[in-house]
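# Coordinate analysis (summary)
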Amino acid sequence: MDTAFTDFSARKLRQLTARLRECAGGLSTDELWRRATEEQNSIGNLLLHLAGNVRQWIVAGIGGAEDIREREREFSTRGGMEAGELLARLEAVIEEAVGIIERLTPERLAERVRIQRYDLTVLEAVYHVVEHFSQHTGQVIVLARLATGANFDFYGHLARPGEHGERTP
């Protein structure tokens with residue numbers, strides 16, 4: 001039971017990353033960087049933001065790497081990268097973060113860290129990252145549906161009697 005939180009957090013980040021790849025992986029450059037209004041983010045911006053956030057909070061904040069985040073660039077970028085490049089960058093950060101999360105001990109989860117200007121426990125930092133990642137994944141799913149008309153069937157197995165896969169919760 002002492003690894004239930006870290007195991008689930010790692011699985012959830014990998015699951016959500018796979019959903020991002022499914023939704024964004026086939027988008028054209030135009031679809032990837034399209035903004036409904038200048039004040040809204042594109043899918044590309046959200047992928048940059050997720051990579052920056054996870055790296056800052058988990059890799060640097062918990063793992064001790066140098067914090068090299070340029071948060072404003074995550075939102076001001078208007079193109080220049082294809083979906084495959086953005087997703088590869090995100091997946092590399094996720095794998096690094098998952099490795100850190102999987103090695104956390106119960107004692108370490110109770111330790112206090114300072115990330116951005118927040119003073120919180122390591123457990124709270126991991127929880128924040130998973131929650132934040134989930135919220136933005138939902139935004140990407142909606143934006144990809146609007147851009148392509150695709151229906152990403154992440155819960156279709158629930159409608160089939162007797163079948164329940166590992167895709168969810």
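See the structure shown above.
Procedures and definitions
- Residues numbered from 1 in each chain as written.
- Predicted model: local features only at pLDDT ≥ 70, side-chain atom pairs only at ≥ 80, totals over all residues.
- Heavy atoms only, no water.
- Helix = DSSP H or I, 4+ residues; strand = E, 2+ residues; numbered from the N terminus.
- Rg over C-alpha atoms; globule rule 2.2 N^0.38 Å.
- Contact = heavy atoms within 4.5 Å.
- Areas by Shrake-Rupley, 256 points an atom, 1.4 Å probe, with all protein chains shown as cover.
- Buried < 20%, exposed > 50% of the residue type's maximum accessible area, 1.4 Å probe, protein only.
- Core = buried A, V, L, I, M, F, W, Y, C linked by side-chain atoms within 4.5 Å.
- Polar contact = N/O pair within 3.5 Å; in protein donor to acceptor, adjacent residues only side chain to side chain.
- Expected span 1.5 Å × (residues − 1).

Time to look at the overall build of the protein chain. Per the secondary structure count, the protein chain includes 7 helices and 2 strands. Reading the protein chain from its N end, one meets helices and strands in the order α-α-α-α-α-α-β-β-α. A globule of 169 residues ought to have a C-alpha radius of gyration of about 15 Å, and the protein chain, at 17 Å, matches this closely. Pairs at least 24 residues apart make up 71% of the contacts formed inside the protein chain by residues separated by at least 6 positions. In the structure as shown, the protein chain presents an accessible area of about 9200 Å², 51% of it carried by carbon and sulfur atoms.

Moving on to unusual backbone geometry. In this structure, Gln 116 is a non-glycine residue whose phi angle is positive, near 55°. Turning to its location among the elements, Gln 116 is positioned in the loop between strand E1 (112-115) and strand E2 (118-121). Its relative accessible area of 36% is what places Gln 116 among the partly exposed residues.

What follows deals with the nonpolar core. Counting 47 residues, the largest nonpolar core has Leu 47, Ile 58 and Phe 133 as the members making the most contacts within it. At the level of secondary structure, the elements contributing two or more residues to this core comprise helix H1 (4-24), helix H2 (29-33), helix H3 (43-60), helix H5 (83-102), E1 and helix H7 (122-148).

What follows is about the side chain of Thr 77. If you trace the backbone, Thr 77 turns up in the loop between helix H4 (71-76) and H5. Of the polar contacts made by the side chain of Thr 77, one reaches the backbone oxygen of Arg 73; its length is 2.6 Å. Not counting residues within four places of it along the chain, the set of residues in contact with Thr 77 comprises Trp 33, Arg 35, Asn 45 and Leu 48.

Right, let's talk about H5 for a bit. Here H5 spans 28 Å end to end across 20 residues, near enough to the 28 Å set by a 1.5 Å rise per residue. Every buried residue belonging to H5 is among Ala 83, Leu 86, Leu 87, Leu 90, Val 93, Ile 94, Ala 97, Val 98, Gly 99, Ile 100 and Ile 101, and all of these are buried. Among the structural elements, H1, H2, H3 and H7 are those in contact with the buried residues of H5.

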